[in-house]
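Summary of structural features
Residue-level listing of the chains:
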Amino acid sequence: MNFPSEAGAEQRRYFVSTFYKFLHIKDVEGTKKALEDRAEQLGMRGLVILGSEGVNSTVAAPSEEAMELFKAFIRETFNSPEQIFKNSFAPSAPFRRFKVKIREEIVTLGTPELFPDLAKNHHLTPEEWNKVLKEESDFLLIDTRNWYETKIGTFKGAINPGIDVFTEFPQWLEEQNYSKDKKMLIFCTGGIRCEKGILELQRQGYNNVFQLEGGILKYIEDKPNDQFEGECFVFDHRVAVDQNLEPSKKYKLCPHCGQPAEIKINCSRCDTETLICEDCSAKPVVKETCTKNCAHQWELRPGRKGPRQALPFELEKGVLKGAKVVAGPKVARKTPKVPKALAATEVSAAAPTNAN
Ligand SMILES: [Zn+2]
Ligand SMILES: [Zn+2]
């Protein structure tokens with residue numbers, strides 16, 4: 001068992017694990033049913049993305065024993081004795097329920113034809129990764145996650161492509177015109193995104209390419225407080241995990257846009273204390289209100305107090321159901337100084353699928 005043990009039991013009532021496996025699944029519906037049945041027996045919660053190309057998941061168990069039994073089931077079901085699990089913790093269930101979603105791609109690059117069929121395709125362990133980072137200088141280090149994930153933590157010196165969704169990665173890469181023999185290191189949250197990312201690099205003619213095995217989560221487990229700085233964004237209620245793999249104590253989801261938020265405010269309209277993000281803290285009205293609804297009301301009737309009406313953003317948008325995480329609006333990044341009109345319905349949303 002490789003859950004670190006030095007932290008308080010308080011933070012560790014739920015055992016969380018992230019895993020993926022590319023393999024050809026013939027009976028996707030039957031596999032879904034089997035997963036649901038086993039999850040119910042063990043009291044599991046979480047989100048599983050399942051498709052004919054494999055499985056991608058983050059699950060939470062109410063006990064270490066239940067988690068071990070579920071892992072054994074996963075190893076057996078997916079014929080994967082060497083399965084890598086990335087472990088972390090939560091003080092309460094980070095998902096509301098257990099859900100299996102069927103998708104064509106288990107991590108969406110828009111290229112279902114790219115199938116990682118090699119068990120090993122230039123994977124570096126955290127140890128090998130560190131060796132390159134610390135001893136070499138002529139390489140590019142690329143963060144393949146979405147831009148809002150990179151804001152609260154990344155590897156020292158990493159390039160942030162600034163993509164909203166992974167499907168933008170191939171085009172971004174094409175536009176860079178990096179020299180084809182350049183040594184490139186890519187990483188993501190749990191490793192799955194890079195399994196496809198590296199195939200895209202190879203398809204574009206890059207040969208000297210490497211991916212971080214198990215992603216940031218495995219790296220932090222092995223090498224806390226080393227070359228990764230800050231916290232790692234995750235796609236559940238925890239928002240992020242820190243260097244102890246415990247839920248972020250610093251960030252909540254911004255009630256206005258869904259980005260990680262750390263700026264404390266008191267709502268001018270309803271006096272609710274909340275955290276908002278840096279981008280929203282630069283927008284008039286938004287910067288002093290606790291929800292989209294309060295912002296809307298405050299703009300219509302400045303100075304008039306009222307009760308808190310709307311649910312927090314994450315409840316409204318289903319984030320707390322473990323469904324979709326809503327990314328910050330594109331407009332917030334590209335033109336941060338020009339807030340759009342505050343209609344209660346105005347949400348632009350990228351929707352990543354799962355921890356990846
Ligand atoms: Zn915001
Ligand atoms: Zn309010």
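Conventions adopted
Residues numbered from 1 in each chain as written. Chains lettered and ligands numbered in written order. Predicted model: local features only at pLDDT ≥ 70, side-chain atom pairs only at ≥ 80, totals over all residues. Helix = DSSP H or I, 4+ residues; strand = E, 2+ residues; numbered from the N terminus. Buried ≥ 20, exposed ≤ 12 C-beta atoms within 10 Å, placed from the backbone. Contact = placed C-beta atoms within 7 Å. Pairing = 2+ DSSP bridges. Axes fitted to C-alpha atoms, helices over the stretch in contact; angles between N-to-C directions. Parallel < 35°, antiparallel > 145°, perpendicular 65-115°, else oblique. Left-handed = near helix turned anticlockwise from the far one by under 90°. Core = buried A, V, L, I, M, F, W, Y, C linked by C-beta atoms within 7 Å.

1. Thoughts on the overall build of the chain
Looking only at helices and strands, the chain features 10 helices and 17 strands. Looking at the chain residue by residue over its 356 residues, the buried ones come to 48%. Here the contacts in the chain between residues at least 6 apart in sequence split such that 65% fall between residues at least 24 apart.

2. Quick word on the sheet that holds strand β6 (residues 123–124)
Ordered by their spatial adjacency, four strands build an open sheet running β6-β10-β9-β7, and the pairing between neighbours is parallel. Bordering the open sheet on either side are β6 and β7 (140–143), each of which pairs with just one other strand. Across two bridges, the pairing between β6 and strand β10 (residues 209–212) is parallel. For H123, the partnering residue across the bridge sits in β10 and is Q211.

3. Details of the pairing of strand β3 (residues 54–61)
Within β3, eight of the eight residues are buried, which leaves the element mostly enclosed by the surrounding structure. Of the two faces of β3, the one holding G54, N56, T58 and A60 and the one holding V55, S57, V59 and A61 are both buried throughout. For strand β1 (residues 14–22) and β3, the ladder comprises eight bridges, and the chain directions are antiparallel. By the bridge assignment for β3, S17 is matched with V59. In this sheet, β3 lies alongside strand β2 (residues 45–51) in antiparallel orientation, the contact comprising seven bridges. The residue bridging L50 from the neighbouring strand is V55, located in β3. Here β2 folds back onto β3, and the loop between the two strands holds two residues.

4. Section: the packing of helix α5 (residues 169–176) against helix α6 (residues 192–203)
Packing of α5 against α6 brings their axes to within 11 Å, and their N-to-C directions diverge by 40°. Between α5 and α6, the interaxial angle falls into the category oblique. Between α5 and α6 the crossing geometry is right-handed. From α5, F169, P170 and L173 reach across to α6, where they touch G197, E200 and L201.

5. Section: the environment of V241
With respect to the helices and strands, V241 occurs in strand β13 (residues 240–241). In this view, V241 contacts S88, E231, C232, V234, E246, P247 and S248; residues no more than four positions away in its chain are not counted.

6. A closer look at the nonpolar core
Soluble, globular proteins show a tendency: their nonpolar side chains are buried together. In terms of nonpolar packing, the biggest core is built from 81 residues, with A60, F187, C232 and A240 touching the most fellow members. Every residue in contact with A60, bar those within four places of it in the chain, is listed here: Y14, F15, V16, M44, R45, G46, A90, A93, P94 and F95.

7. Observations regarding the sheet that holds strand β4 (residues 86–90)
Taken in spatial order, the five strands of this open sheet run β4-β1-β3-β2-β5, and their pairing is mixed. Pairing within the sheet leaves two strands with one partner each, and these edge strands are β4 and β5 (98–102). Mean inter-strand twist for the sheet, computed between neighbouring axes without regard to direction, equals 15°. Where β1 lies against β4, five bridges are found, and the strand directions are antiparallel. Along β4, the bridge assignment pairs T18 with K86. Along the sheet, helix α1 (residues 28–42) makes contact with β2, β3 and β5, crossing β5 at roughly 170°.

8. Focus on unusual backbone geometry
A positive phi angle, close to 70°, is found at V239, a residue other than glycine. The residue V239 is located in the loop between β12 (232–233) and β13 in this model. Taking the number of C-beta atoms within 10 Å as the measure of exposure, V239 has 27 and is therefore buried. One non-glycine residue with positive phi stands out, namely D271, at about 65°. Looking at the element boundaries, D271 is found in the loop between β16 (263–266) and β17 (273–276). Accessibility expressed as a C-beta count within 10 Å gives 11 for D271, which makes it exposed.

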